[in-house]
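One-letter residues, chain by chain:
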Amino acid sequence: MSNIKSALTIAGTDPTGGAGIQADLKVFQEREVYGMSVITSVVAQNTLGVQEVQHLSIDFIEKQLDAVLKDIPPQGIKTGMIATVDMMKLIARKIANTNIPYVIDPVMVAKSGDSLMEEESRRVIRDVLIPLATVVTPNVPEAEILVDFAIKDQEDAKKAAKVIVDDLGAQAAVVKGGHLQGEAIDVLYDGGEYYYFKDARFDTKHTHGTGCTFSAVITAELAKGKLIKDAVAIGKEYITDAIQYSLELGKGNGPTNHWGYRLKGVPNHEEDME
Ligand SMILES: Nc1ncnc2c1ncn2[C@@H]1O[C@H](COP(=O)(O)OP(=O)(O)OP(=O)(O)O)[C@@H](O)[C@H]1O
Ligand SMILES: Cc1ncc(COP(=O)(O)O)c(N)n1
């Protein structure tokens, strides 16, 4: 038997390569798992925002899922942009009995402010997909919608992570602190303990795709058999480096970039460098 680990992302696209499916596949490659993808929606977007979205039919998404799952069953699955209730129900049906670690990045609104999930789906994701999750990775606005209370500080973020696990049924939740003040602190709750992942906050607008990248690393590490808390720690370190070396590409919010960090060749924030 092959010991190659593979990971599957089920998400929307970003033709400029910073977010969505394209970002996930780059991460899988960097984390040395074999990357596979099922596209839910094709998105005409760039660093400035979303221009147009076309959802694929449920029937065609199902064909893609069957093509992958029946041929190369992955050791880790993540979902990103799942815009409609019917897509959520389909994905739940396909992965409910698989036992494959499953990471949900509950993508609702792009950094540009454009909606990536229908209003109705925001409630349905709670009931249909969250109970299947190994880890859910909401940012603060997404966590607020999932738990129905305002998150102003780390104490609130901690409470939200607990509700997502204890009440909504995920195995673990990490509420990301990118939208809070001060250092970038993410809170993980795994049903037993809280873990805090704290790192420097960089003053940069080039953070397109941070959430996608972070959750893709966690998926890759779970696929390799890492514990949840170790997978999140690796995700945090990776995204911090990728934000520090993010790229001034495009006319808006440029993409994060771990590749540049690795090569140490193309820093764009010289003030952060020695
Ligand atoms: N300016 C920053 N400097 C350092 N780390 C950051 C910064 N902004 C976000 N992070 C970290 O990046 C990760 C993603 O967090 P964030 O809250 O930005 O997710 P997100 O809003 O879901 O991203 P996206 O909008 O791309 O979906 C977290 O680990 C967070 O702490
Ligand atoms: C297909 C897709 N999925 C996710 C995001 C969120 O990323 P961001 O909030 O950084 O724009 C996105 N823009 N596009």
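Residues numbered from 1 in each chain as written. Chains lettered and ligands numbered in written order. Predicted model: local features only at pLDDT ≥ 70, side-chain atom pairs only at ≥ 80, totals over all residues. Heavy atoms only, no water.

Now for the overall build of the protein. A count of helices and strands for the protein gives nine helices and 10 strands. Computed over C-alpha atoms, the radius of gyration of the protein comes to 17 Å, within 12% of the 19 Å expected from 2.2 N^0.38 for 274 residues, which places it in the range of a compact globule. Each principal axis of the C-alpha distribution contributes one length, and for the protein these read about 50 × 40 × 35 Å. Counting all 274 residues of the protein, 54% fall into the buried class. Seen as two clouds, the 28 positive and the 39 negative side-chain charges of the protein have centres 3 Å apart. (Helix = DSSP H or I, 4+ residues; strand = E, 2+ residues; numbered from the N terminus. Rg over C-alpha atoms; globule rule 2.2 N^0.38 Å. Buried < 20%, exposed > 50% of the residue type's maximum accessible area, 1.4 Å probe, protein only. Lys, Arg positive; Asp, Glu negative; His and termini not counted. Charge placed at Lys NZ, Arg CZ, Asp CG, Glu CD.)

Attention now moves to the environment of Thr 137. Take Thr 137: it is sitting in the loop between strand E7 (135–136) and helix H5 (140–147). You can call Thr 137 buried: its relative accessible area is 0%. Residues Thr 137 and Lys 224, spaced 87 residues apart in sequence, show a C-alpha to C-alpha distance of 19 Å. Leaving out residues up to four positions away in the same chain, Thr 137 has contacts with Val 103, Ile 104, Asp 105, Pro 106, Glu 142, Val 174, Lys 176, Phe 214, Ser 215 and Ile 218. In this structure the side chain of Thr 137 is engaged in a polar contact, spanning 3.4 Å, whose partner is the side chain of Asp 105. (Contact = heavy atoms within 4.5 Å. Polar contact = N/O pair within 3.5 Å; in protein donor to acceptor, adjacent residues only side chain to side chain.)

So, about the environment of Gly 113. Assignment of secondary structure puts Gly 113 in the loop between strand E6 (102–104) and helix H4 (119–128). When its relative accessible area of 53% is taken as the criterion, Gly 113 is described as exposed. Residues Gly 113 and Ile 91, 22 residues apart in the sequence, show an inter-C-alpha distance of 26 Å.

For the pair helix H2 (residues 58–69) and helix H3 (residues 85–95), the least separation of the axes is 10 Å and the interaxial angle reads 25°. With respect to each other, H2 and H3 are oriented roughly parallel. Between H2 and H3 the crossing geometry is right-handed. For the pair H2 and H3, contact is made by Ile 58, Ile 61, Glu 62, Leu 65, Asp 66 and Leu 69 and by Asp 86, Met 87, Leu 90, Ile 91, Arg 93 and Lys 94, respectively. Here the contact of H2 with H3 is composed, by residue class, of seven nonpolar, no polar and five charged. (Axes fitted to C-alpha atoms, helices over the stretch in contact; angles between N-to-C directions. Parallel < 35°, antiparallel > 145°, perpendicular 65-115°, else oblique. Left-handed = near helix turned anticlockwise from the far one by under 90°. Nonpolar A, V, L, I, M, F, W, Y, C, P; charged D, E, K, R; others polar.)

Our next topic: the UniProt feature "domain: Pyridoxamine kinase/Phosphomethylpyrimidine kinase" (unreviewed entry) in the protein. Mapped onto this numbering, the UniProt entry gives "domain: Pyridoxamine kinase/Phosphomethylpyrimidine kinase" (unreviewed entry) at residues 14–257. Taken end to end, residues 14–257 is 39% helix and 18% strand, and its first and last C-alpha atoms sit 15 Å apart. (UniProt positions renumbered as here; feature names shortened; annotations may be inferred.)

So, on to the packing of helix H1 (residues 20–30) against helix H7 (residues 210–223). It is the contact of H1 with H7, at a shortest axis distance of 9 Å, that shows an interaxial angle of 45°. In terms of orientation, H1 and H7 fall into the oblique class. As for how H1 packs across H7, the hand of that crossing is right-handed. For the pair H1 and H7, contact is made by Gly 20, Ala 23, Asp 24, Val 27 and Phe 28 and by Cys 212, Thr 213, Ala 216, Val 217, Thr 219 and Ala 220, respectively. A class-by-class count of the residues in the contact of H1 with H7 yields seven nonpolar, three polar and one charged.

The environment of ligand 2 is made up of 14 residues, and the closest members are Gly 12, Gln 45, Lys 111, His 208 and Gly 209. A distance of 2.6 Å separates an oxygen atom of ligand 2 from a polar backbone atom of Gly 209. Starting from 360 Å² of accessible surface for ligand 2 in isolation, the protein chains cover 93%. Across the shell around ligand 2, the residue classes tally to six nonpolar, seven polar and one charged. (Near = heavy atom within 4 Å. Areas by Shrake-Rupley, 256 points an atom, 1.4 Å probe, with all protein chains shown as cover.)

Time to look at the site of ligand 1. Neighbouring residues of ligand 1: 17 residues in total, closest Asn 139, Lys 176, Asp 186, Phe 202 and Lys 236. The contact in question runs from an oxygen atom of ligand 1 to an N or O atom on the side chain of Lys 111, over 3.0 Å. Contact distances for ligand 1 include 2.9 Å between an oxygen atom and a side-chain N or O atom of His 179. In the complex, the protein chains occlude 94% of the 620 Å² of accessible area that ligand 1 would expose alone. Elements represented by at least two residues in the shell around ligand 1 include exactly strand E9 (184–189), H7 and helix H8 (228–244). Class assignment of the residues belonging to the shell around ligand 1 gives a composition of six nonpolar, six polar and five charged.

According to the stated counting rule, one finds one aromatic pair in the structure shown. Note that Lys 158 overlies the ring of Tyr 194, its terminal NZ or CZ placed 4.8 Å from the centroid. (Phe/Tyr/Trp six-rings, centres within 6.5 Å; stacked < 30°, edge-to-face > 60°. Lys NZ or Arg CZ within 6 Å of the ring centre and 35° of its normal.)

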